[in-house]
Amino acid sequence: MTATIAGPLKSTEPTGQMLIAGEPVQGSGKPINAFDPATGATLEPAYRYGDSSHVEAACAAAAAAFPIYRATDSEQRAQFLETVAANIEAAKDAIIARATAETGLPTARITGEVGRTTGQLRLFASVLREGSWNSARIDPAQPDRQPAPRPDIRQRAIPLGPVAVFGASNFPLAFSVAGGDTASALAAGCPVVVKGHDAHPGTSELVGRAITDAVAQAGLPKGTFSLLFGDGPDLGIALVTDARIKAVGFTGSRSGGTALVKAAAARPEPIPVYAEMSSINPVFLLDGALSTRGADLGKAFVGSLTMGSGQFCTNPGLVVAADGPGLDDFVTAARDALAGSPATPMLTPNIAGSYADGVTALSKEADLVGRGEAGDSECACRAALFATDAAGFLNSEQLQAEVFGSSSLIVRCKDAAEMRAVAENIEGQLTATVHADESDHPEAAKLLPVLELKAGRILFDGWPTGVEVGHAMVHGGPYPATSDSRSTSVGSRAIERFLRPVAYQDVPTSLLPSPIADGNPDHLWRRIDGQLTAD
């Protein structure tokens, strides 16, 4: 690889370069510039796509770093993650300014996302120190057991190896370079190669520099982290199919995610792809709730629908309810609230164009309920609400498809039984929401088992936009919401995606890793002979 090396890293302004194993590197391919969707201005500097030589360099460095990085103990990795968080906070003014310009999102939203990103890093630092991620188990030897002795068997979790992470368009921080996929992979002991998103390259570089600086501050191998830019079908596929990459984290479109899954499965050594892709996040309005607060629900629904121009993976793109006066009140209130909703900028012209195409497609198969205010920029998102009946919805692939933006569809059902039929026939979802009064609980009890099979998160009397980062959160779901419904990309269990169990049978005491060593030197909760104990 021919690399153009710049001077010392600066954390206050982007330079238009990738970061490969601690070194600023100029790409050699197509030039790209960020775009301010609020003003229409092209932002400097220009970035150039990387090529196969850059993938080779980043993956080789990650593979060389892996034996050293995975050998670090929990405290070392925890301190490293905390240093990344501190570095991001130290550069937050520059990061917020650049991210706001590149996305058109308000400063308050980006400020909150900085806090969420650093909070995720510190969450995984706490997970490392707590230690249960090791999944330590010990079945002591039973030499006198009949009819055959039992050997000493111990188990712990180890990191998979270098991980490729694809930054998301709609969360330039929390689901991007230092987002949940990167934080959980680094916590697991896996070096990370990030493919930054074209929509916010400057933000990606600034955050990438914060990680690169932390790698140096911690004395870790330079290949622990790299940041590339490039075309998805070319550089992205090259990254996923590189034999040194052992897992993939992705947040993006259904087509992009399925392409990566297919490429990873076709490798001589298939690897897991944890892809978050497509979800319309149905909201079920039960009769009691509609009759007592239909109008209030309609107003609140529009607030969730239009938040951030609808550019959330948990945006409520489907409303399911039985016909009646309560639903009429909901529709009237939603239509009126929507009419006063200003057009807001979407992240890129391409995303805005896809949204407009999706709205046009819906208009051909469903009845228009209402629109938001029109905008005059090419990135403006004009909110839209449609309605159809259950038969029309279930017989149309188009009506069941995600439209990324402030668009939603109301499905009018004959009764609660037809609502359950809709629930039974939708695809996998990230979320399912139920609004129910106490009088609705018997019907909700019938609906809940159906939703358990369809969604990763079920919430009552709220709205799906907004994902709490914690220990109990699940941000995942059956296909096509994600490519692997057994995992979550948000919350402390996200680390499990990048670990695998190893059993140690009759290994000499002096060679046992500390999480499963005699005397419990790491002071972990461990399952010994089936019993959970800290002894």
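Description of the structure in this document. (Residues numbered from 1 in each chain as written. Predicted model: local features only at pLDDT ≥ 70, side-chain atom pairs only at ≥ 80, totals over all residues. Heavy atoms only, no water.)

**A look at empty space enclosed by the protein**
And step 1. The full count for this structure, using the stated rule, is five cavities of 30 Å³ or more.
And step 2. In terms of lining residues, the largest cavity is bounded by 17 residues, among which I280, G317, A401, V403 and S407 are the most central.
And step 3. Per-element tally for the lining of the largest cavity: the top contributor is strand β18 (residues 407–413), with three residues.
And step 4. A per-class count over the lining of the largest cavity returns nine nonpolar, seven polar and one charged.
And step 5. Estimated volume of the second largest cavity: approximately 90 Å³.
And step 6. Taken together, 15 residues make up the lining of the second largest cavity; nearest its centre are Y274, A275, T482, S489 and R497. (1 Å grid on protein atoms, 1.4 Å probe; cavity = no way out; pocket = protein on both sides within 12 Å on 5 of 7 lines; lining within 4 Å. Points joined across faces, edges and corners; volume = space filled by probe spheres on them. Helix = DSSP H or I, 4+ residues; strand = E, 2+ residues; numbered from the N terminus. Nonpolar A, V, L, I, M, F, W, Y, C, P; charged D, E, K, R; others polar.)

**Some details on the packing of helix α2 (residues 74–90) against helix α4 (residues 107–130)**
And step 1. At a minimum axis distance of 8 Å, the contact between α2 and α4 shows a crossing angle of 170°. Viewed along their axes, α2 and α4 adopt a mutual orientation that is roughly antiparallel. Contact residues: S74, E75, R77, A78, Q79, L81, E82, V84, A85, A86, I88 and E89 in α2; V114, T117, T118, L121, R122, F124, A125, L128 and R129 in α4.
And step 2. Looking at the contact of α2 with α4 residue by residue, the classes come out as 11 nonpolar, four polar and six charged. (Axes fitted to C-alpha atoms, helices over the stretch in contact; angles between N-to-C directions. Parallel < 35°, antiparallel > 145°, perpendicular 65-115°, else oblique. Contact = heavy atoms within 4.5 Å.)

**Details of the pattern of salt bridges**
And step 1. Evaluation of the coordinates by the stated rule reveals 23 salt bridges.
And step 2. The partner of R109 in a salt bridge is E113, with the nearest N and O atoms 3.3 Å apart. Placement of both R109 and E113 in helix α4 is noted, with a separation of four residues, approximately one turn of the helix.
And step 3. Take E113: its relative accessible area is 3%, and that puts it in the buried class.
And step 4. Among the charged side chains, a salt-bridge network with shared partners connects E56, D242 and R244. (Salt bridge = Lys/Arg side-chain N within 4 Å of Asp/Glu carboxyl O. Buried < 20%, exposed > 50% of the residue type's maximum accessible area, 1.4 Å probe, protein only.)

**Focus: the nonpolar core**
And step 1. Grouped together as the largest cluster of nonpolar side chains are 116 residues, with contacts concentrated most on F80, I88, V248 and V411.
And step 2. No other element matches α4, which puts seven residues into this core.
And step 3. With sequence-adjacent residues up to four places away left out, F80 is seen in contact with Y69, L186, I211, A214, V215, A218, L220 and T224.
And step 4. V319, L338, V369 and I410 belong to the second-largest nonpolar core, a separate cluster that totals 21 residues. (Core = buried A, V, L, I, M, F, W, Y, C linked by side-chain atoms within 4.5 Å.)

**Looking at unusual backbone geometry**
And step 1. The step from E44 to P45 runs through a cis peptide bond, and the omega angle for that step is 5°.
And step 2. Looking at the element boundaries, P45 is found in strand β4 (residues 42–48).
And step 3. Across the junction of Q146 and P147, the peptide omega takes the value 10°, indicating a cis bond.
And step 4. Within the fold, P147 resides in the loop between β5 (137–139) and β6 (153–159).
And step 5. At S309, a residue that is not glycine, the phi angle is positive and equals roughly 60°.
And step 6. For S309, the location among the structural elements is in the loop between α9 (287–306) and β13 (318–322).

**A look at the layout of surface pockets**
And step 1. Here the largest pocket is characterised by a volume of approximately 1,500 Å³.
And step 2. Taken together, 50 residues line the largest pocket, and the ones lying closest to its centre are S169, H197, G252, S253 and I351.
And step 3. Contributions of two or more residues to the lining of the largest pocket are made by β3 (31–35), α7 (232–241), β10 (247–251), α8 (254–265), α11 (349–363) and α13 (397–400).
And step 4. Among the residues making up the lining of the largest pocket, the classes are represented as 22 nonpolar, 19 polar and nine charged.
And step 5. No fewer than three residues from each of domain 1 (18–27 + 43–143 + 150–277 + 486–497) and domain 2 (282–460) sit in the lining of the largest pocket. (Domains from an automatic or database assignment.)

**Things to note about the state of the cysteines**
A covalent bond between the sulfur atoms of two cysteines is what we call a disulfide.
And step 1. Under the definition given, this model contains zero disulfides.
And step 2. The closest cysteine sulfur to the non-disulfide-bonded C59 is located on C190, 13 Å from its own sulfur. (Disulfide = S-S within 2.5 Å.)

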